Amino acid sequence: MSTTSTLFSKLNLAFATGGLAWTALQIYTIHSFGFSWYIAAIDSVASVIPLAAACWLIDNNLRYYQPGKGSYINLLIWCVVLAGACTFMVRWGLPMLITDSTHTGFLRQSLIIRLFTNFMAIGWMAMISLIWYVQQDQKENERRKSEAEQLARDAELYNLRQQLQPHFLFNSLNSINALIGFKPHEARKMIHQLSDFLRGTLKKDDQKQVPLKEELEHLNLYLEIEKVRFGHRLQTEISCDNKCSEALLPPLLLQPIVENAIKFGLYDTTGEVTISIRAEVEDKYLVVMVQNPYDQQTARPRHGTGFGVSGIQRRLYLLFARNGLVETYQNDDIFTIMIKIPQA
Amino acid sequence: MKRVLIIDDEPLARMVVQEYLQPFNNELQVMQECGDGFEGIKAIMQHQPDLIFLDVQMPKINGFEMLELVEQAPQVIFTTAFDEYAIKAFETHAVDYLLKPFSRERFNKAIEKYLSQATNKPVTKPNEALLETAAQSPAQHERIVVKTGTKVKIIPVQDIEYLAADDDYVSIFTSEGSFLKNKTMSFFEQTLDARHFARVHRSYIVSVAQITRIDPFEKDAHLAILKSGARIPVSKAGYVKLKQVLGI
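Residues numbered from 1 in each chain as written. Chains lettered and ligands numbered in written order. Predicted model: local features only at pLDDT ≥ 70, side-chain atom pairs only at ≥ 80, totals over all residues.

**Quick word on the overall build of chain A**
Looking only at helices and strands, chain A has 11 helices and seven strands in total. In chain A, the share of contacts with a sequence separation of at least 24, taken over all contacts with a separation of at least 6, comes to 76%. (Helix = DSSP H or I, 4+ residues; strand = E, 2+ residues; numbered from the N terminus. Contact = placed C-beta atoms within 7 Å.)

Below, the structure is given as structure tokens:
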């Protein structure tokens, strides 16, 4: 706030200085035509006051309202009208202050020049104001836009992360409850896995990309828990070479994808289900493919439009400002989702 | 001795129920454990249980859909982890429901409640109202599960051409033929998405996307001609509704 007020006082100072300089110049000019300093001063001050008022008016107008592209002509008309008004005031007002007849003649002769210089001064003021305020507005807009985007991004990422299924959590607790009775060691192990998994979903910083290796470790915790829940029905295949495991990706990107794959795999079929996760590095992209079986006959229509896919798409768009990083395919009862993560 | 089934897709979840049932094995006998709704239907036919423990989220068909397909529904204690619509249904209609993970005390209460009811009351059809409420869940709007002979058929709603009233049943017409479902027309009118289905007649609900032409027919009435060639009567009120859905 203080910076804007000092800015304004600076502007006012510049405005006053400009006015004084203009007055001085006019006094000198009129004096050089052979009038006394006194008459020259009266004439100049009386001309500059309405001119300054006009400049101030146009500047103030432009501060709050910038004409659109089509209405610059209006601004021009305004400048002409204001210049006319100033000249008019001088023409009829000045003879009341200065009764010298030579000066009155001089005034009449110089009217056109006065009109023109007034117009130039007001026009110049208008132009500078316009450029200044448009620029200010643009800066302000940009700041607001980036702030809004940042906010939206944070909120969205937060929401996406909150999609952690309560269903998963309660069912895992139920499995632990079962294990406590007859396999207390496994129950304990599952509690640790679940805790590590939950901690992993909480502490990640979105701005910082993580190596695939780390993301897969986190994913593995999740898969191990799901395997305990679903027993032999759930199998997983993960392939990722050394080069891939160092590739970077946004944290927790794969989690909802794999979650979806498991959900559809397990709830769309009744037999054994193999979820496969394959990663490759292909010309500056990390490509991750996740596949799950599904039943073409009964697959629910949300396939491909559900939170999973659209959420990932949105997130990748926010992070990389690019579309087309997510693709899905469905054939032979296998659903495939492929995501591409640009590598710096 | 009451006969019991446990229907849940997670083995450990079935194990908890088994374990908690141990103290009751003078009164309750577990006949079988089932891992999905299909097995559940078969086992219910085979064992004619008095009580089932039923999970809601299961592969292929969920617990509610399974119940819809069973003719002689036993008493049900639902077990579920999280499902707001299901819980709404249970609160008003089920014998009892257990939210996973549940304690032994909570489980015992449910069993005692069942045992006291089972001795006092004959088994009526307690499940109708419950299923009606459960059907409000959005997941239930996407498909209809029917039984043809011994087979279970899942019809995604986008495959439906039209529905026609058929005595106490509703016939569901698809490109693969028609299927009977033991529900009312007003049930489908309420649950099917009103943007895609219109009740054009007292006895007909039609998929709007299937209509190719609407012809005038007798006075005030119309005929909707579907892609399949089927001709569906449209009443005066139905025509008004149809125009609304089509936006004309």
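The rest of the description comes next.
**Structural notes on the pairing of strand β8 (residues 160-166) of chain B**
Residue and element names in this part refer to chain B. Judged from the six bridges that link them, β8 and strand β9 (residues 169-174) form a sheet pairing that is antiparallel. Residue pairing across strands places Asp-166 opposite Tyr-169, the latter belonging to β9. A loop of two residues connects β8 with β9, the two strands running antiparallel in sequence, and Asp-167 in this loop sits at a positive phi of about 50°. Two elements, β8 and strand β12 (residues 204-207), share three bridges in a ladder whose sense is antiparallel. Within β12, the position partnered with Leu-163 by the bridge is Ile-205. (Pairing = 2+ DSSP bridges.)

**Observations concerning the packing of helix α2 (residues 37-64) of chain A against helix α3 (residues 72-97) of chain A**
Residues and elements named next belong to chain A. Where α2 meets α3, the axes come as close as 9 Å, and the angle between the chain directions of the two elements is 155°. Looking at the two axes, α2 sits roughly antiparallel to α3. In this structure, α2 meets α3 at a crossing whose hand is right-handed. Only Trp-78, Leu-82, Cys-86, Met-89, Val-90, Gly-93, Leu-94 and Leu-97 of α3 make contact with α2, whose side of the interface consists of Ile-42, Asp-43, Ala-46, Ser-47, Pro-50, Leu-51, Ala-54, Leu-57 and Ile-58. The residue makeup of the contact of α2 with α3, split by class, is 14 nonpolar, two polar and one charged. (Axes fitted to C-alpha atoms, helices over the stretch in contact; angles between N-to-C directions. Parallel < 35°, antiparallel > 145°, perpendicular 65-115°, else oblique. Left-handed = near helix turned anticlockwise from the far one by under 90°. Nonpolar A, V, L, I, M, F, W, Y, C, P; charged D, E, K, R; others polar.)

**Examining the sheet that holds strand β13 (residues 211-217) of chain B**
All names here are of chain B. Overall, antiparallel pairing links the three strands, which are arranged β13-β14-β15 in an open sheet. Each of the sheet's edge strands pairs with one partner strand only, and the pair in question is β13 and β15 (231-234). On average, each strand axis in the sheet is inclined to that of its neighbour by 25°, with strand direction left out of account. Two strands pair when backbone bridges link them, and β13 and strand β14 (residues 221-226) are joined in this way by six bridges, in the antiparallel orientation.

**Some remarks on the confidence of the model for chain B**
In this model, chain B carries a mean pLDDT of 86, and residues with pLDDT of at least 70 account for 92%. For this predicted complex, the interface confidence comes out at an ipTM of 0.76, alongside a pTM of 0.66. (pLDDT = per-residue confidence, 0-100.)

**Concerning the sheet that holds strand β1 (residues 2-7) of chain B**
Residues and elements named next belong to chain B. Strand order in the open sheet formed by five strands is β2-β1-β3-β4-β5, and the pairing between neighbours is parallel. Each end of this open sheet is capped by a strand with a single partner; those strands are β2 (28-34) and β5 (96-99). Across this sheet, the average inter-strand angle for adjacent strands is 20°, counted without regard to direction. Sheet topology places strand β4 (residues 75-80) next to β5; four bridges connect them, and they run parallel. Of the residues in β5, the one forming a bridge with Thr-79 is Leu-98. Sheet contacts for helix α1 (residues 11-21): β1, β2, β3 (51-55) and β4; angle to β2, the most-contacted strand, approximately 170°.

**Overview of the confidence of the model for chain A**
Atomic detail in the predicted coordinates should be set aside for any region of low pLDDT. With 89% of its residues at a pLDDT of 70 or more, chain A has an overall mean of 84. Of the regions scoring below 50 in pLDDT, residues 301-306 of chain A engages in 10 contacts with residues more than four places distant in sequence or in other chains.

**Re the pairing of strand β4 (residues 273-282) of chain A**
Residue and element names in this part refer to chain A. As paired strands, strand β2 (residues 234-239) and β4 are joined by six bridges and run parallel to one another. In the strand pairing of β4, Ile-238 is matched with Ile-277. Across seven bridges, β4 lies against strand β5 (residues 285-293) in antiparallel orientation. Counted as the bridge partner of Ser-276 is Gln-291 from β5. Counted between consecutive antiparallel strands, the loop separating β4 from β5 contains two residues, among which Lys-284 sits at a positive phi close to 65°.

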